[in-house]
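# Chains, contacts and geometry: an overview
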Amino acid sequence: MVDARRHGRRGPGDPVDADRVEPAAGGRALSPEFSLVGFDNYARMFGDGTFWKALQHSVTFVLLLPVVTLGLALFFAFMINVGGRRRKGAAIAGVRGSSFYKIVYFFPQVLSIAIVALLFRFAYNPNSGALNSALGILGLDGLQKNWLGDPDFALWCVMAVIVWSTTGFFVVLFSAGMASIPKDYYEAALLDGAGRVTTFFRITVPLLWDTVQSGWIYMGILALGAESFAIVHIMTVGPGGPADSTTVLPLLVYQKAFVGGQAAYATTIGVALLIVTLAFAALVSRVGRRERLEF
């Protein structure tokens, strides 16, 4: 790694910082002088409490968000395509108005992630937000909170927004996959006495598994990357607050590189983020490996 200095080598009492910035007339700039610090940035990272908080939050994202998002998307896609009541001339059909529901679920994808974050930032406002206002109208004043200002709730509020904004994409993705499954399978299962739950787990999920696995990896990358960064950066106090309760690795990389001017240390954190992403993708590919079913 590279250590930018104003006056050559650092003294013995200086902190291990990969890029110390030099004030300039028009702002801040990196010094042209530098010295190699080897693995000092990694030692600093392992002793950085903020890094471990950000890592914990990112791991929470990548473990919970795909489960919740893909679970909801599979349920909604199943109901839209094959979960409706039987009708004349069709043993298998989706719920009534399924085409309208597809549009509703996909609507968040039309909006920019920045717009989504701003809308929910206003909705979570403790004084005039839609959430607390709705609770007040329902007489549930005791449940009103400073949602994004409470360290116990801020992270969960951010996760709820990510789920809301991404579920629709996977509903459409899984709906396309389910449309290609022959309806004869469902009709035969229903004739044998199988219920909707059985057909979902015995027919739909196994035949759609390759799509689910790909969606799992893609959702994990979103949770570790731009999606989580944009929402946390726009919605939260600080951003990343309160008390680093919503800081995630992509946000920490941005803060170190562009706010603190510590580009090399930010790169070190970026390497850690890369390792977490690759480990997640490898784990999902390994655990989700099963015999391919063709139809």
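The residue numbering used here restarts from 1 in each chain and proceeds along that chain's sequence as written. Per-residue local features are limited, in this predicted model, to residues with pLDDT of at least 70; the limit for side-chain atom pairs, both in listing and counting, is 80 or more; totals at the level of whole chains, interfaces and linings are taken over all residues. Water and hydrogen atoms were dropped before computing side-chain values, which therefore reflect all heavy atoms in the structure.

### Concerning the overall build of the protein chain
A count of helices and strands for the protein chain gives twelve helices and four strands. Working definition: with a 1.4 Å probe on protein chains only, accessible area under 20% of the residue-type maximum means buried, over 50% means exposed, and in between means partly exposed. In the protein chain, which comprises 295 residues, the share counted as buried stands at 41%. Numbered from the N terminus, helices here are DSSP runs of H or I no shorter than four residues, and strands are runs of E no shorter than two.

### Focus on the layout of surface pockets
Roughly 240 Å³ of volume is contained in the largest pocket. Along its surface, the largest pocket is lined by V62, L63, V67, W209, Q213, W216, F280, L283, V284, V287 and G288. Side-chain classes follow a simple rule in which Ala, Val, Leu, Ile, Met, Phe, Trp, Tyr, Cys and Pro form the nonpolar group, Asp, Glu, Lys and Arg form the charged group, and the remainder, Gly included, forms the polar group. Residue composition of the lining of the largest pocket, by class: nine nonpolar, two polar and no charged. A 1.4 Å probe that fits into a set of points on a 1 Å grid over the protein atoms alone but cannot get out defines a cavity; an open set with protein on both sides within 12 Å along at least five of seven lines defines a pocket, and lining residues are those with an atom within 4 Å of a point. Grid points are joined across faces, edges and corners, and a volume is the space filled by probe spheres set on the points.

### Points about the nonpolar core
Buried Ala, Val, Leu, Ile, Met, Phe, Trp, Tyr and Cys residues form a nonpolar core when they are joined through side-chain atoms within 4.5 Å. Residues F61, L65 and F174 are the most contacted members of the largest nonpolar core, which totals 46 residues. Among the secondary structure elements, those contributing two or more residues to this core are α2 (49-81), α4 (113-123), α6 (154-179), α7 (183-191), α8 (196-207), α9 (209-224) and α10 (226-235). Ranked by residue count, the leading element in this core is α6, at eleven residues. I269, V276, F280 and V284 belong to the second-largest nonpolar core, a separate cluster that totals 16 residues.

### Section: the packing of aromatic side chains
Aromatic contacts are taken between Phe, Tyr and Trp rings whose centres are within 6.5 Å, Trp giving its six-membered ring; a plane angle under 30 degrees counts as stacked, one over 60 as edge-to-face, and the others as tilted. Inspection of the entire model under this criterion finds 18 aromatic pairs. Aromatic side chains F120 and Y124 sit 6.2 Å apart centroid to centroid with 45 degrees between the ring planes, which places their arrangement in the tilted category. Since its relative accessible area comes to 9%, Y124 is described here as buried. Aromatic side chains Y254 and F258 sit 5.5 Å apart centroid to centroid with 40 degrees between the ring planes, which places their arrangement in the tilted category. Here the residue Y254 and the residue F258 both occupy positions in helix α11 (residues 249-259), the gap between them amounting to four residues, near one helical turn.

### Topic: α11
Taken together, the buried positions of α11 are occupied by L249, P250, L251, L252 and K256. Check the buried side of α11 and you find it contacts α1 (40-46), α2, α9, α10 and α12 (263-287). G261 lies just past α11 and shows a positive phi near 65 degrees. Between two residues, a contact is recorded if the distance between any of their heavy atoms is within 4.5 Å.

### Regarding unusual backbone geometry
G238 connects to P239 through a cis peptide bond whose omega is -5 degrees. Residue position: P239 is located in the loop between α10 and α11. The residue A243 is not glycine, and still its phi comes out positive at about 55 degrees. Mapped onto the elements, A243 comes out in the loop between α10 and α11. Taking the relative accessible area as the measure of exposure, A243 reaches 59% and is therefore exposed.

### Quick look at the confidence of the model for the protein chain
Of all residues in the protein chain, 83% have pLDDT values of 70 or greater, and the mean over the chain is 83. Segment residues 1-27 is flagged for pLDDT under 50; beyond a separation of four residues in sequence, or across chains, it makes 74 contacts in the model. For every residue, the predictor assigns a confidence score, pLDDT, that lies between 0 and 100.

### Some words on the side chain of T246
Tracing the backbone shows T246 in the loop between α10 and α11. In terms of polar contacts, T246 uses its side chain to reach the backbone carbonyl oxygen of G241, at 2.9 Å. Not counting residues up to four positions away in its chain, the partners in contact with T246 are H57, A154, L155, V158, V232, T236, G240 and G241. N or O atoms within 3.5 Å of each other form a polar contact, as long as, within protein, one can give a hydrogen and the other can take it, and as long as residues adjacent in sequence are counted only when both atoms are side-chain atoms.

### Brief notes about the packing of α9 against α12
α12 packs onto α9 with a crossing angle of 165 degrees between their chain directions and a minimal axis gap of 10 Å. In terms of orientation, α9 lies roughly antiparallel with respect to α12. As α9 runs across α12, the sense of the crossing is right-handed. Facing α9, whose interface residues are Q213, W216, I217, G220, I221 and L224, α12 presents L273, V276, T277, F280, A281, V284 and S285. Looking at the contact of α9 with α12 residue by residue, the classes come out as nine nonpolar, four polar and no charged. With axes taken as lines fitted to C-alpha atoms, and helix axes fitted only over the stretch in contact, angles between N-to-C directions fall between 0 and 180 degrees. Angle categories are assigned with fixed cut-offs, so that under 35 degrees is roughly parallel, over 145 is roughly antiparallel, 65 to 115 is roughly perpendicular, and the rest are oblique. Note: crossing handedness is left-handed where the near helix turns anticlockwise from the far helix by less than a right angle, and right-handed where it turns clockwise.

### Some words on the side chain of Q213
Here Q213 is to be found in helix α9. Beyond its immediate stretch of four places on either side in the chain, Q213 contacts V284, S285, G288 and R289.

### Observations concerning α12
Multiplying 1.5 Å by the residue count of a helix minus one yields the expected span of that helix. In this model α12 runs 36 Å from its N-terminal to its C-terminal C-alpha over 25 residues, within 8% of the 36 Å that 1.5 Å per residue would give. If you check which residues of α12 are buried, you get A264, Y265, A266, T268, I269, A272, L273, V276, T277, F280 and V284.

### Points about the environment of I269
Relative to the helices and strands, I269 resides in helix α12. With a relative accessible area of 0%, I269 lands in the buried category. The sequence separation of I269 and Y42 amounts to 227 residues, and the corresponding C-alpha distance is 8.3 Å. When neighbours within four sequence positions are excluded, I269 is seen to be in contact with M45, F51, L249, L252, V253 and K256.

### Describing a nonpolar patch on the surface
Each patch is assembled from residues with relative accessible area greater than 30% and no salt bridge, linking like charges that lie within 9 Å and nonpolar side chains (Val, Leu, Ile, Met, Phe, Trp, Tyr) that lie within 5 Å. Note on areas: these come from Shrake-Rupley sampling with a 1.4 Å probe, and a residue is covered only by the protein chains present in the view. Throughout this description, the term salt bridge denotes a Lys or Arg side-chain nitrogen within 4 Å of a carboxyl oxygen of Asp or Glu. A surface patch of nonpolar side chains, amounting to about 370 Å² of accessible area, comprises V59, L63, L64 and W156. At three residues, the largest contribution of residues to the nonpolar patch is made by α2. Mapped onto the elements of the fold, L63 is located in helix α2. Of the residues examined, L63 reaches a relative accessible area of 52% and is grouped as exposed.

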